[in-house]
Amino acid sequence: MASVAPAFLRVLLLLLPAQSWSPVVAGNPRDCDAPLVSALPPSSFGSSSELSSSHGPGFARLNRRDGAGGWTPLVSNKYQWLQIDLGERMEVTAVATQGGYGSSDWVTSYLLMFSDSGRNWKQYRQEESIWGFPGNTNADSVVHCRLQPPIEARFLRFLPVAWNPKGRIGMRTEVFGCAYRSEVAYFDGQSALLYRFDKKSIKPIRDVISLKFKTMQSSGILLYREGQHGNHITLELMKGKLVFFLNSGNADLPPTNAHVNLTLGSLLDDGHWHSVLIERLDAEANFTVDKHTHHFHTQGGSSYLDLNFEISFGGIPTPGRSRKSFHGCLENLNYNGVDIIELAKTHKPQIRIMGNVSFSCPQPQTVPVTFLSSGSFLALPGNSGDDKVFVTFQFRTWNRAGRLLSGILRRGAESFVLFLQDGKLKLSLFQLGQSSRNVTAGAGLNDGQWHSVSLSAKWSHVSVAVDDDTAIQSLVAVLIDSGDTYYFGGCPDNSSGSGCKGPLQGFQGCLRRISIGDTVVDPISVQQGALGRFSDLQIDSCGITDRCLPSYCEHGGECSQSWDSFSCDCLGTGYTGETCHSSLYQQSCEAYKHKGNPSGLYYIDADGSGPLGPFLVYCNMTADAAWTVVRHSGPDAVAVRGAARGRPRSAASFAYAAGRCEQRLALRCGTPRLPTHGTPLSWWVGRTNETHTYWGGSLPGAQKCTCGLEGNCIDSQYYCNCDAGRNEWTSDTVVLSQKEHLPVTQVVMADTGRPHSEAAYTLGPLLCQGDKSFWNSASFNTETSYLHFPTFHGELTADVSFFFKTTVSSGVFMENLGITDFIRIELRAPTAVTFSFDVGNGPCEVTVQSPIPFNDNRWHHLRAERNIKGASLQVDQLPEKIQPAPVNGHIRLQLNSQLFIEISAYFETGSSMTYNFQEHPILSENSSALASSLHGDVTLTREMITLSFRTTRTPSLLLYVSSFYEEYLSIILANNGSFQIRYKLDRHQDPDAFNFDFKNMADGREEAVVMVEVNQSAKKQVILSSGTEFNAVKSLTLGKFLEPPGADPDTRRAAARGFTGCLSAVRFGRAALKAALRPAARRVTVRGRVVAASRCAAGPGSPARELAPRLAGAAGPSGPAGEGEPLRTADRSDSAVIGGVIAVVIFILLCITAIAVRIYQQRKLRKENESKISKNEEC
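Residues numbered from 1 in each chain as written. Predicted model: local features only at pLDDT ≥ 70, side-chain atom pairs only at ≥ 80, totals over all residues. Heavy atoms only, no water.

Looking at an unreviewed UniProt entry, the protein chain carries the name Contactin-associated protein-like 3, with the source organism given as Microcebus murinus. Looking at the Subcellular location (unreviewed entry) heading of the UniProt record, one finds this comment for the protein chain: "Membrane". The record held by UniProt for the protein chain lists under Sequence similarities (unreviewed entry) the comment "Belongs to the neurexin family." (UniProt positions renumbered as here; feature names shortened; annotations may be inferred.)

Caption draft 1: Inspection of the overall build of the protein chain at higher detail. Assigned secondary structure in the protein chain consists of six helices and 79 strands. For the protein chain, the proportion of its 1179 residues judged to be buried stands at 57%. Taking as baseline every contact in the protein chain between residues at least 6 positions apart, the subset at least 24 positions apart corresponds to 72%. For the protein chain, the computed accessible surface area is about 48,700 Å², with 50% contributed by carbon and sulfur atoms. (Helix = DSSP H or I, 4+ residues; strand = E, 2+ residues; numbered from the N terminus. Buried < 20%, exposed > 50% of the residue type's maximum accessible area, 1.4 Å probe, protein only. Contact = heavy atoms within 4.5 Å. Areas by Shrake-Rupley, 256 points an atom, 1.4 Å probe, with all protein chains shown as cover.)

Caption draft 2: Representation of unusual backbone geometry. Omega for the peptide link from Gln148 to Pro149 comes to 10 degrees, which places this bond in the cis form. As for its position among the elements, Pro149 is in strand 10 (residues 143-163). Cis geometry marks the peptide bond from Thr954 to Pro955; its omega dihedral reads -10 degrees. Take Pro955: it is sitting in the loop between strand 67 (942-950) and strand 68 (956-963). In this model, Asp282 sits at a positive phi of 55 degrees, which is unusual for a non-glycine residue.

Caption draft 3: Expanded view of the pattern of salt bridges. Under the counting rule described, the total for this entry stands at 28 salt bridges. Between Arg396 and Asp269 there is a salt bridge, and its shortest N-O distance comes to 3.2 Å. Here the residue Arg396 occupies a position in strand 29 (residues 388-396), and Asp269 occupies one in the loop between strand 18 (259-264) and strand 19 (274-281), the gap between them amounting to 127 residues. Residue classification places Arg396 among the buried positions, given a relative accessible area of 2%. (Salt bridge = Lys/Arg side-chain N within 4 Å of Asp/Glu carboxyl O.)

Caption draft 4: Spotlight on a nonpolar patch on the surface. Judged by side-chain polarity, Leu601, Tyr603, Leu616 and Tyr618 come together as a nonpolar surface patch covering roughly 400 Å² of accessible area. Listed by contribution, the elements that provide at least two residues to the nonpolar patch are strand 46 (600-604) and strand 47 (615-621). Within the secondary structure layout, Leu601 lies in strand 46. With relative accessibility at 60%, the residue Leu601 sits in the exposed group. (Patch = residues over 30% accessible without salt bridge, like charges linked within 9 Å, V, L, I, M, F, W, Y side chains within 5 Å.)

Caption draft 5: Up close: the sheet that holds strand 54 (residues 746-749). Across the sheet, which stays open at both edges, the three strands sit in the order 52-51-54 with antiparallel pairing between neighbours. The outermost strands of the open sheet, each flanked by one partner alone, are strand 52 (691-692) and strand 54. In this structure, strand 51 (residues 682-685) lies alongside strand 54, joined through four bridges in antiparallel fashion. The partner of Trp684 across the bridge, within strand 54, is Val747. (Pairing = 2+ DSSP bridges.)

Caption draft 6: Quick look at the sheet that holds strand 62 (residues 860-867). The strand order across the open sheet built from four strands is 57-62-63-64, with neighbouring strands paired in antiparallel fashion. Each of the sheet's edge strands pairs with one partner strand only, and the pair in question is strand 57 (798-804) and strand 64 (881-884). Pairwise comparison of adjacent strand axes, ignoring direction, gives a mean angle of 10 degrees for this sheet. Relative to strand 63 (residues 870-875), strand 62 runs antiparallel, the two being bridged by six bridges. Across the sheet, the residue bridging to Ala864 is Leu873, located in strand 63. (Axes fitted to C-alpha atoms, helices over the stretch in contact; angles between N-to-C directions.)

Caption draft 7: Layout of the nonpolar core. By size, the foremost hydrophobic cluster in this structure holds 39 residues, and its most contacted members are Phe393, Phe395, Leu405, Leu425, Leu427, Phe488 and Leu511. Ignoring anything within four residues of it in the chain, the contact list for Phe393 reads Leu404, Leu405, Leu418, His451, Ser452, Val453, Phe488, Leu511, Arg512, Arg513 and Ile514. Grouped together as the second largest cluster of nonpolar side chains are 38 residues, Ile209, Phe296, Ile311 and Leu343 included. (Core = buried A, V, L, I, M, F, W, Y, C linked by side-chain atoms within 4.5 Å.)

Caption draft 8: Expanded view of the side chain of Ser588. Relative to the helices and strands, Ser588 is located in the loop between strand 45 (582-583) and helix 4 (589-594). A polar side-chain atom of Ser588 sits 2.6 Å from a polar atom in the side chain of Asp771. (Polar contact = N/O pair within 3.5 Å; in protein donor to acceptor, adjacent residues only side chain to side chain.)

Caption draft 9: Region of the structure containing helix 6 (residues 1049-1057). Along helix 6, the residues classified as buried are Thr1051, Ala1054 and Ala1055. Burial along helix 6 is one-sided: seen end-on, the buried residues are contained in an arc of 100 degrees. Turning to helix 6, the residues buried within the fold contact strand 68, strand 69 (968-973) and strand 70 (979-984). Between a side-chain oxygen at the N-terminus of helix 6 and the backbone nitrogen of Asp1050 the separation is 3.2 Å; the capping residue is Asp1048. (Arc of directions from axis to C-beta.)

Caption draft 10: Structural view of the state of the cysteines. Per the counting criterion, the structure on display carries eight disulfides. There is a disulfide in this structure between Cys548 and Cys559, and the S-S distance comes to 1.9 Å. Taking the sign of the S-S torsion, -80 degrees for the link of Cys548 and Cys559, the bridge is left-handed. Here the residue Cys548 occupies a position in the loop between strand 41 (537-539) and strand 42 (558-561), and Cys559 occupies one in strand 42, the gap between them amounting to eleven residues. (Disulfide = S-S within 2.5 Å.)

Caption draft 11: Broad picture of the pairing of strand 48 (residues 626-630). A large share of strand 48 lies buried, amounting to five of its five residues. In sequence, strand 47 turns back onto strand 48 through a hairpin of four residues. In this sheet, strand 55 (residues 758-769) lies alongside strand 48 in antiparallel orientation, the contact comprising four bridges. Each residue of the ladder has a partner; that of Val629, found in strand 55, is Leu767.

Caption draft 12: Representation of a negative patch on the surface within the structure. Side chains of Asp447, Asp467, Asp468 and Asp469 sit close together on the surface and give a patch of like negative charge. Residue placement: Asp469 occurs in strand 36 (residues 469-474). (Lys, Arg positive; Asp, Glu negative; His and termini not counted. Charge placed at Lys NZ, Arg CZ, Asp CG, Glu CD.)

Caption draft 13: Representation of the packing of aromatic side chains within the structure. The full count for this structure, using the stated rule, is 25 aromatic pairs. The interplanar angle of 85 degrees and the centroid separation of 6.4 Å between the aromatic rings of Phe213 and Phe326 together place this pair among those described as edge-to-face. Of this pair, Phe213 sits in strand 14 (residues 206-214) while Phe326 is found in the loop between strand 22 (310-313) and strand 23 (327-335), placing the two residues 113 residues apart along the sequence. The same class applies to Phe213 as to Phe326, namely buried. (Phe/Tyr/Trp six-rings, centres within 6.5 Å; stacked < 30°, edge-to-face > 60°.)

Caption draft 14: Just the side chain of Asp269, in detail. Residue Asp269 is classed as buried on the basis of its relative accessible area, which comes to 3%. Within the structure, the side chain of Asp269 is placed 3.2 Å from the side chain of Arg396, a separation counted as a polar contact. Not counting the four nearest positions on each side in its chain, Asp269 is found in contact with Thr215, Met216, Gln217, Ser218, Gly240, Arg396 and Trp450.

Caption draft 15: Representation of the environment of Thr108 in the model. Along the chain, the position of Thr108 falls in strand 5 (residues 107-115). Distance in space between the C-alpha atoms of Thr108 and Phe133 is 8.6 Å, their sequence separation being 25 residues.

Caption draft 16: Layout of the pairing of strand 51. With burial as the criterion, each face of strand 51 is covered, one bearing Ser682 and Trp684 and the other bearing Trp683 and Val685. For strand 51 and strand 52, the ladder comprises two bridges, and the chain directions are antiparallel. What sits directly across from Trp684, in strand 52, is His692. Following strand 51, the chain reverses through five residues before pairing antiparallel with strand 52; Asn689 in that reversal takes a positive phi of roughly 70 degrees.

Caption draft 17: Spatial organisation of the confidence of the model for the protein chain. In this model, the protein chain carries a mean pLDDT of 76, and residues with pLDDT of at least 70 account for 71%. Scored below 50 in pLDDT, residues 672-677 shows 17 contacts in the model against residues more than four places distant or in partner chains. Residue range residues 898-903 is modelled with pLDDT below 50. Its contacts to residues more than four positions away, or to other chains, number 38 contacts. (pLDDT = per-residue confidence, 0-100.)

Caption draft 18: Spatial organisation of the environment of Ala60. Within the secondary structure layout, Ala60 lies in the loop between strand 3 (45-47) and strand 4 (82-98). The spatial distance from the C-alpha of Ala60 to the C-alpha of Val37 is 9.5 Å, given a sequence separation of 23 residues. Excluding anything up to four places from it in sequence, Ala60 contacts Trp71, Leu82, Met171, Arg172 and Thr173.

Right, here's the structure in full:
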């Protein structure tokens, strides 16, 4: 058979809605999936507006057709909402939506808000970021979304974000969940509950305290317990954060060990429920607030059990204490399984109620307002013509600057602007013909806390006060003549007042308790259009979030934030980058030598971006090696007299991939001692705190010095001279060379406590040479060569670096997939390297272009990093390319597979292989609710197909995927060798056919790299007329397939001919060609002859394709080790080692011709099943 050219195909199919879920498929083990809305009365539904009485919120039940078939607001804009009152607090586990029945009205994405009282709404969040829900793509299909984690709420609001552009907002909904048990107690700031234990009971080894709380006060005692000796435990809310303070009262412990002071949470004074869990098992403890847990060890052991037999909640009952008591509600308060609130409600004798404690939770009436952007504004009427100005409000923000308030003091003559600048409150007064006058009050006001502001002007003075700081400014004019409008935040587009001029941006943050004159402003009236006007506000909710909790700044970097972003200060950490992830230093002296550095002192970071910090070493650069010299912290020579133990000696403990290490230790002993029958009286401790009794060249566990191995110790019954106990000075000089035990951290001389007993030792520096993580390479010379590693774990931050050299024009260096997420680094063209990934926001790519080709058979250094702030890629000394991440997008990279270059298989004429996804169909009346069971209970948004092929036969069927509904996907080579994809998702309609105008793909010659991007980069529109859901996927077939049901004529002709040639790297989700070549593969049926064959490999004339990643080892076969040395001009390598510190999949694509086709199919935005797809600019 003539030689044939390989081709590589990658197809990405968006099949089903993101994060969708069906209660039939994904059951909850707690059976908390009951529908909660269907039985509610019409009065339980509310909305911002309605188009007509037949479009009211009462018609918004799932699958109902009465009225107009759903809720539709009067105007379709982002200020509309649909509200559901569940009647009482319920646990909500999932939601479902439909569009308006038989209409073109549906919502494509929405936000979910929840509340206990119908006031002070909170937005549902996931992944520590704002999370919008995927909506519908037609009027009648049902989209379910599970809430992870669930929420407890009485009221829910659906806020449409986007909807069908050719229709209106239209919704029908259902909520799933179950009843929620709640025992609450309200504390008025001067009350407490005192729980007294049974003194005869045994003190527990394990303590568990759990509770929920909500408050609008930033400080207060939640829990207090004390003992007889000054020891106590306190759980206290301080400035919106929860502080757990534990004092052992143990005078024998240093203060740093006697005290535990932990802080968790932030913005906990938001009037919403927060959960707390404290667990202690002996001296180990966990402190959890909401989803964040801190584990700690209590120094002092059982002293923490020496506490009184009583514990107080809500305050400290002891008179004279100055600590502020808790003002708010506690819920489900349990101590070691005891329901404290239930005991208090039933007046049990173990509980003493101090002050006024009630057992219902009052709902606050304060209505906050969120200014979402710098252009947000709230215009409120003033007292026009009044002779005074008096405005009060409270605000909280993270921004250092922003306009808060502007208005008129004297019409036509004088105005004012109140704004934040550098975290301080400033008031600027503007008067015609004069320069502005300024006063400043407060500092550090961008701390996320609520701050009270008052502005007053009367007669000849204007004053501004923030919290307890007041500033006063004299006025030139005596008469105040106030204007008719006050602007909070930004200004309307048509405004031209003095306060709206200049570069100052509008306020971003939250306002509440606004008063103008003697009138309290009701924001609900503003929302209903009865008062003032506004733009880009979220009323009845404070949307502030703490982006530094948890902190994503690594290695001790300091986190700071604004309203919609955070930044890391890496100064003094030894690291750099957006999240302080990348080390400033090389990983070894070998790396410094490679860069041409001379001998000297250097900081090295042995694990790159890992947890171990950099440390100072001396690098001794010789002609053929680089020696690393690590000195310990103490003196080299130490004398030991009259002590039971030798003194610890410390040296840097580091994970170092050196070729070899050694450390010299000289022992001198002068001691008359009692015989111990050969038991060693000296030993040393290694870096992991393990004890070693071997010395010098002896093996671990031998308990011998060098003289013991050689048989020339001064006393033959001992194996070390210093163990002989002679009344004279003896010595042992040893060289320790087991590098996994080094460095020496302690030397012990156990027999120096008697009179006249003495010893001395001299510990030299640790010497290491070589770097296994630097000098290694792997060559990939055939299509069957591969390396594979465990799943790449880099959810929030990941970096990869390696050297490579190659002669091919394209290929994949590294790839790892998840269900929908992926990460990939590839040589896309001779002059282009691309780093691509998807964490749930859509594919993102970063590409470095080079003026000279990368496939020049010379070494090139590549470094890629992805974190929640974005991605970066650098090759050699070319400028680094950076792609920012979207604001409030998904942040976690979730991978689950082991990928590598697949085994190549040769398909003889008439042969085939079929992979069965499921044996029997799992059908449902509602195919939209129950998707294909391809991956069990997981509903995918897209499926990736990859394959490499070589053939000279046409027509050919490369791949055929069928379903139980006679739906199919076929990939074929037509009679003329052109590449085609057929896509049929409705058996009653003709298939979609995509013809790609490539050259003949079956001519047996090497081809250029061809890439077609549909939706992502190519300017091509894909019209899907046959449907958008691929339901009940049955099987995948490679090769010959007789009479595929419902197939089009071209697919039938290609199926009858099958495929003759080589296929490799075939993957559809988790199904792979290698499964067919395993013994007893259960899901695979092979007909004819399909074998792994060397005939698929490159011919003898093919050049070697080499990749030299920095590999410390591999879990699978690989090609022969390559020789050579990276270019000295290559950039430094200061990050994690592939196959060393991090585990990744590494392979290079060996195909000469590479075709990459990505089809991104979106659900149709029209009832006729059309999907218009546009390029996404943001990843």
